Amino acid sequence: MFDVVIIGAGVTGSAIAREISRYKLNVCVIEKEEDVCNETSKANSAIIHAGFDAVPGTMKAKLNVMGNAMMDRIAEELDIPFKRNGSLVVCTKEQDPEGLQILMERGKKNGVPGLQILDREALIEKEPNLADDVTCALWAPTGGIVCPFHMTMGYAENAYENGVRFFLNTKVEKLEKTGEGFRIQVHHADTGVDETIETKLIINAAGVYADEINNQLSDRKLHITARKGEYMLLDKTVGDYVKSTIFQLPSKMGKGVLVTPTVHGNLLVGPTAVNVEDKGAVNTTMDGLDQIARVSSHSVKNVPLRQVITSFAGLRAHEDGDDFVIGESADVKGLINAAGIESPGLSSAPAIGVTVAELVRDLLNAEEKSEFNPVRHGILDPDTLSLEARNQLIKENPAYGNIICRCEMITEGEILDAIHRPLGARSLDGVKRRTRAGMGRCQSGFCSPKVMEILEREVPMRVDQIGKNGVGSEFIVGENKELEDE
Ligand SMILES: Cc1cc2nc3c(=O)[nH]c(=O)nc-3n(C[C@H](O)[C@H](O)[C@H](O)COP(=O)(O)OP(=O)(O)OC[C@H]3O[C@@H](n4cnc5c(N)ncnc54)[C@H](O)[C@@H]3O)c2cc1C
Ligand SMILES: O=P(O)(O)OC[C@H](O)CO
Ligand code: FES
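Just so it is clear, the structure is predicted and the values come from calculations on it, not from any experiment.

1. Brief notes about the site of ligand 1
Taken together, 38 residues lie around ligand 1, and Thr12, Glu31, Ser41, Ile341 and Ser347 are the ones closest in. The contact in question runs from an oxygen atom of ligand 1 to an N or O atom on the side chain of Glu31, over 2.6 Å. In the model, a nitrogen atom of ligand 1 is placed 3.1 Å from a nitrogen or oxygen of the Ser45 main chain. Contact with the protein chains removes 98% of the 990 Å² of surface that ligand 1 exposes when unbound. Elements that contribute at least two residues to the shell around ligand 1 include exactly helix H1 (11-20), strand E10 (170-177), strand E13 (224-234), strand E18 (308-319) and helix H8 (345-364). Of the residues assigned to the shell around ligand 1, the class counts are 16 nonpolar, 15 polar and seven charged.

Right under this line is the structure:
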């Protein structure tokens, strides 16, 4: 029997797993996808919000500000890229600057440091590409940008290295309360096998599906609406078009369309906010992309949209109560929810991890492990080395001299590391999110066949089992005529 089963390996479940791995407990994570970070945690704005948006006194406000303050340490321990580039909420001629005052007051109540309202003169010095109609803005120096893939994988790998087991490709089908805890029926998509798992505690970190998990066990029903956000990602040639994250005044549907550099040097524009019925609907639409183009021009002029290299969409898990639902269920002992984790969920993940782990520690009377190691090493990027050190590396391991992805200059050595590290990549997306091979201007047109060859060689998988992201996404579906005739 497990002490704790965590459902969901997004950033929430992974951060919780890492923080619980500090304790002497038998813990596993169950994830229906073939990899960690395969749903909302992979498709968002990647902003570590300063914390002035959420209403004071809410879980969102408290955990956002706490998570933001923890980020420097987390980024160092998990070896993930993070930059405090600061954020601006801009106000235009047609808008009431009172909106900025309200945000600043909220921010002060939430404990956000360094907030300032800047006039146009000061703004243009910082950001020359702001729209001509922008009159003033709220500056938050603690706002930052992160890589959501690396953050989630950093947490998951560190949890794994500290003893947490991960069952990927494994879907929770049915939950039952037992005398001692819970019985969980799971289905393994890769082998087709069904299994029953027993546990004392369940942590529900199932993203947009967290209501369905909760509602199987609890009479205190949750209701989550999937709220889609579409984006355009622009080439690195225009990655410095703005330096800080440029927000517009928020509305009932959220923080609106932003323009921001990414931590890897691209420019990101979006998201929209539209409620959708289908919790799997991550397609982009002409309407959505048109809206991004139109609305972004209110804050930043002449956004270089000709440089778009891809578009994508993510789904916010919007709970009817409009706040995070975190804590033990009121009517089901041992069921701990981390539900309704929409924005600022990424920013709050470090704080959610610690909060839930402390709750688990108290419920199970768990002791700390002396051998817990908070440090995880990311994939070595040869670009960060001096020429001398890089040449030495290539001499010792020639795979670091073999460029596989020309757009992003990713070597075979990095891809091998991505495959062979804890919770290693088993798909093209897995390699892409760990190394950036496939994230460049050609969007994997040139490098994907080479990455498939490496996966086939290094992993016990046939080439027709290799997919974009798991079962059902395979590229090779049968033999061609020539092969049949041979
Ligand atoms: C458009 C958009 C922009 C955003 N921008 C930001 C931002 O800039 N900053 C910020 O702080 N936050 C942002 N967020 C919010 C942030 O992305 C989320 O709060 C966060 O990623 C949620 O993580 P999660 O782990 O709770 O959910 P997920 O990442 O969705 O993970 C849940 C996991 O549970 C798994 N699962 C579900 N059901 C089952 C089952 N039955 N069995 C097994 N596994 C299951 C899923 O496969 C999934 O992997 C944004 C969100 C969106 C949609
Ligand atoms: O639109 P929101 O409020 O869900 O926020 C999403 C991101 O955090 C900012 O784009
Ligand atoms: S060669 Fe890899 S993205 Fe273009």
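2. Let's talk about the side chain of Ser347
Mapping Ser347 onto the fold places it in helix H8. Taking relative accessible area as the criterion, Ser347 reaches 1% and is therefore assigned buried. Within polar-contact distance, the side chain of Ser347 engages the backbone nitrogen of His49 at 2.9 Å. Aside from chain neighbours lying at most four places away, what touches Ser347 is Ile47, Ile48, His49, Leu63, Asn64, Gly67 and Asn68.

3. Describing the environment of Ala189
Relative to the assigned elements, Ala189 resides in the loop between strand E11 (182-188) and strand E12 (194-204). Ala189 gets classed as partly exposed once you look at its relative accessible area, which sits at 36%. Spatially, the C-alpha atoms of Ala189 and Ala205 are 20 Å apart, while their sequence positions differ by 16 residues. If we skip the residues at most four places from it in the chain, Ala189 touches Asn169 and Val471.

4. Quick word on the packing of aromatic side chains
Taken as a whole, this structure holds two aromatic pairs when the rule is applied. Relative to Phe167, the ring of Phe2 lies with its centre 6.3 Å away and its plane at 80°, an arrangement referred to as edge-to-face. Remark: Phe167 occurs in strand E9 (residues 165-167) and Phe2 occurs in strand E1 (residues 2-7); sequence separation between them is 165 residues. Grouping residues by exposure puts Phe2 and Phe167 together as buried. The interplanar angle of 20° and the centroid separation of 4.8 Å between the aromatic rings of Tyr231 and Phe312 together place this pair among those described as stacked. Separated by 81 residues along the polypeptide, Tyr231 in strand E13 and Phe312 in strand E18 bring together distant segments of the chain. For Tyr231, a relative accessible area of 4% puts it in the buried group.

5. Examining the domain arrangement of the protein
Per the domain assignment, the segments of the protein are domain 1 (2-41 + 149-224 + 321-364), domain 2 (83-142 + 225-316) and domain 3 (382-478). Domain 2 and domain 3 are separated by 32 Å when their C-alpha centres are compared. Facing eight residues of domain 2, the contacting portion of domain 3 comprises six residues. Counting each side, the surface lost to burial between domain 2 and domain 3 is near 530 Å², with a carbon and sulfur contribution of 40%. If you sort the residues of domain 2 by the area they bury against domain 3, Lys236, His264 and Ile309 come out on top, with a joint share of 60%. The partner of Asp235 in a salt bridge is Arg441, with the nearest N and O atoms 2.8 Å apart. Put simply, domain 2 and domain 3 have four residue pairs in polar contact (both at pLDDT 80 or more) between them.

6. Quick word on the UniProt feature "domain: BFD-like [2Fe-2S]-binding" (unreviewed entry) in the protein
The positions UniProt marks with the feature "domain: BFD-like [2Fe-2S]-binding" (unreviewed entry) are residues 403-456. Here residues 403-456 is 48% helix and 9% strand, with 18 Å between the C-alpha atoms at its ends.

7. Side note on the layout of surface pockets
Computed from the structure, the second largest pocket encloses a volume of approximately 890 Å³. Lys42, Ala43, Phe149, Phe312 and Arg433 are, among the 38 residues lining the second largest pocket, the residues nearest its centre. Tallying contributions element by element places E18 first for the lining of the second largest pocket, with six residues.

8. Observations concerning the site of ligand 2
Taken together, Ser45, His49, Gly254, Lys255, Leu258, Pro271, Arg316 and Ser343 form the complete shell of residues around ligand 2. In the model, an oxygen atom of ligand 2 is placed 2.6 Å from a nitrogen or oxygen of the His49 side chain. Between ligand 2 and Arg316 there is a distance of 2.6 Å, counted from an oxygen atom to a side-chain nitrogen or oxygen. Burial of ligand 2 by the protein amounts to 90% of the accessible area it has alone, namely 310 Å². Residue composition of the shell around ligand 2, grouped by class: two nonpolar, four polar and two charged.

9. Side note on the packing of helix H10 (residues 412-420) against helix H11 (residues 428-435)
Following both chains from N to C, one finds H10 and H11 inclined at 115°, their axes separated by 9 Å at the closest point. Between H10 and H11, the angle falls in the class roughly perpendicular. Handedness of the H10/H11 crossing: right-handed. Along its contact with H10, which presents Glu414, Ile415, Ala418 and Ile419, the element H11 presents Val431, Arg434 and Thr435. Taken together, the residues of the contact of H10 with H11 break down into four nonpolar, one polar and two charged.

Cut-off values and rules
Residues numbered from 1 in each chain as written. Chains lettered and ligands numbered in written order. Predicted model: local features only at pLDDT ≥ 70, side-chain atom pairs only at ≥ 80, totals over all residues. Heavy atoms only, no water. Near = heavy atom within 4 Å. Polar contact = N/O pair within 3.5 Å; in protein donor to acceptor, adjacent residues only side chain to side chain. Areas by Shrake-Rupley, 256 points an atom, 1.4 Å probe, with all protein chains shown as cover. Helix = DSSP H or I, 4+ residues; strand = E, 2+ residues; numbered from the N terminus. Nonpolar A, V, L, I, M, F, W, Y, C, P; charged D, E, K, R; others polar. Buried < 20%, exposed > 50% of the residue type's maximum accessible area, 1.4 Å probe, protein only. Contact = heavy atoms within 4.5 Å. Phe/Tyr/Trp six-rings, centres within 6.5 Å; stacked < 30°, edge-to-face > 60°. Domains from an automatic or database assignment. Buried area = accessible area lost by both parts, 1.4 Å probe. Salt bridge = Lys/Arg side-chain N within 4 Å of Asp/Glu carboxyl O. UniProt positions renumbered as here; feature names shortened; annotations may be inferred. 1 Å grid on protein atoms, 1.4 Å probe; cavity = no way out; pocket = protein on both sides within 12 Å on 5 of 7 lines; lining within 4 Å. Points joined across faces, edges and corners; volume = space filled by probe spheres on them. Axes fitted to C-alpha atoms, helices over the stretch in contact; angles between N-to-C directions. Parallel < 35°, antiparallel > 145°, perpendicular 65-115°, else oblique. Left-handed = near helix turned anticlockwise from the far one by under 90°.

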